[in-house]
Amino acid sequence: MKIDLILGLQWGDEGKGKIVDFLTNDYNIIARFQGGPNAGHTLEFDGIKHVLHTIPSGIFHENKINLIGNGVVIDPVIFKEEIEKLKELNVDLSNKLLISRKAHLILPTHRLIDKASELSKGKKKIGSTLKGIGPTYMDKTGRNGLRIGDLELDGWEDKLNTLTNKHLNLINNFNVDIDFDINKLVEEFTNSINFIKSLRFIDSEHYLNESINNGKKILGEGAQGSLLDIDFGTYPYVTSSNTTAAGACTGLGIAPNKINNVFGIFKAYTTRVGSGPFPTELKDETGERMAKIGNEFGATTGRPRRCGWLDLVILKHSIIVNGVTELIMMKGDVLSGIDRIKVCTKYKYKGETIDYLPYSIEDENIEPIYEEISGWDEDITKIKSFTDLPQNFKNYINFLEDSLNVKIKIVSVGPNRTQTIFV
Ligand code: IMP
């Protein structure tokens, strides 16, 4: 037995939550491997919308283990709220939520540093979700972090104090105006820690490898998207973890040869939230229409998402870096009613035509080159089988498969679990 992965191929918000929930029946364990509460995984069923930030998207299923891997960063305050919300819905977490002892904790001062750093950058700000993600990963790689496993040892409060004081000095150095009450923040943090200490902490790398040896099926759940990867994304406008397949190896302790299928998920168009280059962005009526029909507002921050045409140069880059074996296309329904659909297949880059992602895709260097495809008018949100989809929708799928050289396995035609079609 091996592990399958599901990863976003664009700038995040592709719809991973919905598909993980949909695929969970086929797996025993769902494991998140990177990111933190900057993610907002939205699931919809039985008329209710659920947004998960830290907890894997298999949590609503009975008898499935949901594991938070060592690569994830956890904010105990947000985590506690998330758990309390699930308890209100009678979701029993006691036997199905496991947390790696090696996962790092987001301190309140990490959030403050995020804010101070963004303020100090002015127009060049990253557009961070301000959840303290970057500063927490900085402390991880700087070898200063506080980890879940520390909570089982004596002296974690001393570590917290030392780190908090160090952070307060750092915040001072930014020389920006932010208001906060550190005593209140630390009290809230400590209360949340006392709450999460009742959860199950494990050595997850051993647990996962033993599970593989015992024939269990595991799905690794990515957060954000490949273009937000710290190495292969649009740096510096990225997040601070490896969102690509390699991040699953380091974020779970799984060897590369244990990875089987890599499901790459993308929207039928492109969105981005936060700053940074976006070659196919539409600042016109079509972009506004995508945002409105696609309800393109961030699940974590509520910020409007920027929208544009599908970019195959980006998808090809993500397919290669992740070793994608099968594709999943989301939100095909949002394109219904657009007469001519454009797809970017190449870039004009510094006067040359190229089909790969160059070092810098700042707007002044890049001009997208498009191909046009006829659209469809029909409402496809109630269609249940691939054969019933409009011919032009199928043509769109065929065009993408031919261009990308990878099969599309699933198309999604609405936010609900039931609006999911196998191709
Ligand atoms: P951070 O990870 O919160 O620091 O944000 C860095 C960049 O990644 C910003 O542009 C965010 O908008 C973006 N980002 C972070 N998490 C997500 C996500 O889950 N979906 C989409 N964009 C995200």
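Residues numbered from 1 in each chain as written. Predicted model: local features only at pLDDT ≥ 70, side-chain atom pairs only at ≥ 80, totals over all residues. Heavy atoms only, no water.

**Details of the overall build of the chain**
When helices and strands are tallied, the chain shows eleven helices and 20 strands. The globule rule puts the C-alpha radius of gyration for 423 residues at 22 Å, and the 21 Å found for the chain is close to it. Once the C-alpha set of the chain is aligned to its principal axes, its extents read approximately 65 × 50 × 40 Å. Residue burial in the chain is summarised as follows: out of 423 residues, 58% are buried. Long-range pairs, those at least 24 residues apart, make up 76% of the contacts in the chain with a sequence separation of at least 6. Averaging the positions of the 51 positive and the 56 negative side-chain charges in the chain gives two centres separated by 2 Å. (Helix = DSSP H or I, 4+ residues; strand = E, 2+ residues; numbered from the N terminus. Rg over C-alpha atoms; globule rule 2.2 N^0.38 Å. Buried < 20%, exposed > 50% of the residue type's maximum accessible area, 1.4 Å probe, protein only. Contact = heavy atoms within 4.5 Å. Lys, Arg positive; Asp, Glu negative; His and termini not counted. Charge placed at Lys NZ, Arg CZ, Asp CG, Glu CD.)

**Here we look at the packing of aromatic side chains**
In the structure shown here, the tally under the stated rule is five aromatic pairs. Relative to Tyr396, the ring of Trp376 lies with its centre 6.0 Å away and its plane at 55°, an arrangement referred to as tilted. With Trp376 in the loop between strand S18 (366-374) and helix H11 (391-404) and Tyr396 in helix H11, this residue pair connects regions lying 20 residues apart in the sequence. Note on accessibility: Trp376 and Tyr396 belong to one class, buried. Ring pairing ties together the aromatic residues Trp376, Phe393 and Tyr396, which thus form one cluster. The positively charged end of Lys217 is found above the aromatic ring belonging to Tyr27, 5.2 Å away from the centroid. (Phe/Tyr/Trp six-rings, centres within 6.5 Å; stacked < 30°, edge-to-face > 60°. Lys NZ or Arg CZ within 6 Å of the ring centre and 35° of its normal.)

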